[in-house]
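Observations on the three-dimensional arrangement
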Amino acid sequence: MSGFISILISSAHQKGVRLVLFLVTFGAMLALASWFIVEQVQQNMRQETARALTGYEQLRVNVLGTFDQMDARLVTAPCSPGFMDELRRIAFLPDGINELLYAPGGMAVCSVNSGLFTQPVDLGAAEVVTQGPHQMAFWLDRDLSFLRLEGLTASIAQRGSFALVVPTPPLPTTTPRWLEMELIVRASNGRWWHRGGQSGIYNESLEQARAGGFGLFNAAQFVMRCDSGGVHCLVGKARLPDLFALGMATIAVTLVVCAVLAAWLSQQAHGFIARHWSFETRFLRRLGPDTIECVYQPLLHLKRDRIPGCEVLARWRDIDGTLVSPDRFIPLIEKHGLTQRFTTLVADRAHKDLTQHLKPGQRVHVSFNIFPRDLQAEPLLTTFAPFLAPGGPFSLIFEIVETQEIQLETAQAEIERLRSAGVRIFIDDFGAGYSSMRNLAAVSVDGVKLDRSFAMAPNDSVLVRMLDHAIDMVSASDRIVVVEGVETQARLDALRANGKVDYVQGYLISRPLDIAGFIAFLSANGPKPTTRPRLVA
Ligand code: C2E
Ligand code: CA
Ligand code: CA
């Protein structure tokens, strides 16, 4: 899952994400269009088979009507002259059924065409016997010569003691070119007989139903419709390739429409993903105690060559597990007014880390970066109360950068309140941005961290010469001097030789470490437990 999300959020994969989105949407559109076309085809097929079945529906009505007439009107002695007269009258009714028989128990005794048989004719076992209140039996394709209809074969239906010869209405010839049909007669036990149309279609439909599969992907579509007695059934078959061949233009238009729609939809989806998974949205959604982590960069006391403490630097854990550096998210915190909440998260996390890992008797200076806009003693003292507990292992430092809006001079009262509560205040990134010499003299702070660009500058550069001047000035103002960004031994040696630098910080001493790494570093290079290091020059 996180691998999938990393692909979604990484800018390197956006082209691929767009392509996949397009292909998926295009596929979905095609499936939808095919489903719609197949639905239309099925509906057409249902209509066509229903139309073709009307003749059989009518035949059923006529057969049942004729049996009703026979039941009602043939009340005299079977096969008597009166009976035969009435039988003939019924046969002459204009319903297409002309040959009626008296055949109790399947033994034909007399008929309209033949009169009284010399001896009863056994019709044999019926092929189809229907269930229900009007139970009927059918003999299919009987040779009708016993009815003096030589050379003719037809079906015979029987109900009660009466039977009749069932005419076979032809299938309509006006069905569409792409539709093939087979007419069958089905018995309730599942047996069936081909009665007309293209043979084999019903079998194919049974095979396809047995094979299963999603209708959309079958090369042929089938529909089956039966008359209301369930005896005559029409099976229709349409082959998709035939349909496609007939509708090439429609298919081309469908493809173009699908592609255009898919392009638009995938663009919308990509826009949504970009918004939902943008760094900003992600960060705001997930900012909390579980995602804020701290690293600890050791601070070296130059004269004692000891590590008395560290600067706490925040990191944010992204959804794909990567650790994000503050340069990316600090601007968002400021933009969304989350500075106080964020500082609380960092303070809580650092306190938890340190109290869990510090060895008994170990003491440590912890330096936090405070947003200039949050420079109000009361809420800060509440947030950092755990670090100020009397007798605790911590000595607390706040690092504050001067900004255009917040000049430390105007915050003097708050700074004083913090100092009297036991917090040391350092001006951070001095020499860069808006920090000024004038303020250094006017504001009572404990120390000054010279911006890392000074120490990181190449030898003999203007910045390095300025570093010496800055150290002189800060030292002259009686403040603790911290130089950060020390990356080389030569620079460290020079700072040591200078004699006015109190603390240094930089990759040469150590990169920011996780809590376990920092505690190990502190144990190896820090003051011995219980001797409380004093942060003074
Ligand atoms: P900063 O306060 O100036 O912190 C020092 C930055 O310099 C850190 O970067 C640190 O990793 C880096 N650094 C230290 N030594 C060296 C070195 O020798 N060479 C180089 N090239 N870099 C070095 P990081 O951790 O990326 O922090 C960047 C900035 O983010 C910090 O600058 C600070 O302004 C801000 N920040 C970090 N954590 C917090 C926080 O908890 N609260 C606030 N308000 N700001 C924070
Ligand atoms: Ca700092
Ligand atoms: Ca700094």
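First, a word on what this report is: a plain description of the structure on this page. If you're wondering where the values come from, they're calculated on a predicted model, not measured in any experiment.

Observations concerning the pairing of strand β12 (residues 292–301)
- Buried residues dominate β12, accounting for ten of its ten residues.
- Here β12 shows no split at all, with Ile 292, Cys 294, Tyr 296, Pro 298 and Leu 300 on one side and Glu 293, Val 295, Gln 297, Leu 299 and His 301 on the other all buried.
- Looking at chain direction, β12 and strand β13 (residues 306–317) are connected through nine bridges and run antiparallel. By the bridge assignment, Tyr 296 is partnered in β13 with Val 312.
- Between β12 and β13, which pair antiparallel and follow one another directly, the connecting turn spans four residues, one of which, Asp 305, has a positive phi of 55 degrees.
- As judged from the two bridges shared by β12 and strand β20 (residues 503–505), these two strands associate in the antiparallel manner. Residue Leu 300 lies in a different strand from β20, and its bridge partner there is Val 504.

Thoughts on the packing of helix α15 (residues 462–476) against helix α16 (residues 489–498)
- Two numbers describe how α15 lies on α16: the axes approach to 12 Å, and their chain directions differ by 30 degrees. Taken together, the axis directions place α15 and α16 in an arrangement best described as roughly parallel. α16 is crossed by α15, and the crossing has right-handed handedness. In this structure, α15 uses Val 464, Leu 467, Asp 468 and Ile 471 to contact α16, whose residues at the interface are Arg 491, Leu 495 and Asn 498.
- Across the contact of α15 with α16, the residue classes break down as four nonpolar, one polar and two charged.

What to know about the coordination of the calcium ion (ligand 3)
- Bound to the calcium ion (ligand 3) are the protein donor atoms Asp 428 (OD), Asp 429 (OD) and Glu 484 (OE), situated 1.9 to 2.5 Å from the metal.
- Within one chain, the residues donating to the calcium ion (ligand 3) are spaced in sequence as D-D-x54-E.

Remarks on the pattern of salt bridges
- Counted under the stated rule, the structure contains 21 salt bridges.
- Between Arg 317 and Glu 293 there is a salt bridge, with the nearest N and O atoms lying 2.9 Å from each other. In this pair, Arg 317 sits in strand β13 while Glu 293 sits in strand β12, placing the two residues 24 residues apart along the sequence.
- Residue class for Glu 293 comes out buried when judged on its relative accessible area of 16%.
- In this structure, Asp 472 engages Lys 500 in a salt bridge whose closest nitrogen and oxygen atoms are separated by 2.8 Å.

Definitions and limits used
- Residues numbered from 1 in each chain as written.
- Chains lettered and ligands numbered in written order.
- Predicted model: local features only at pLDDT ≥ 70, side-chain atom pairs only at ≥ 80, totals over all residues.
- Heavy atoms only, no water.
- Buried < 20%, exposed > 50% of the residue type's maximum accessible area, 1.4 Å probe, protein only.
- Helix = DSSP H or I, 4+ residues; strand = E, 2+ residues; numbered from the N terminus.
- Pairing = 2+ DSSP bridges.
- Axes fitted to C-alpha atoms, helices over the stretch in contact; angles between N-to-C directions.
- Parallel < 35°, antiparallel > 145°, perpendicular 65-115°, else oblique.
- Left-handed = near helix turned anticlockwise from the far one by under 90°.
- Contact = heavy atoms within 4.5 Å.
- Nonpolar A, V, L, I, M, F, W, Y, C, P; charged D, E, K, R; others polar.
- Donors = N, O, S within 2.8 Å, 3.2 Å for Na, K, Ca; no water.
- Salt bridge = Lys/Arg side-chain N within 4 Å of Asp/Glu carboxyl O.

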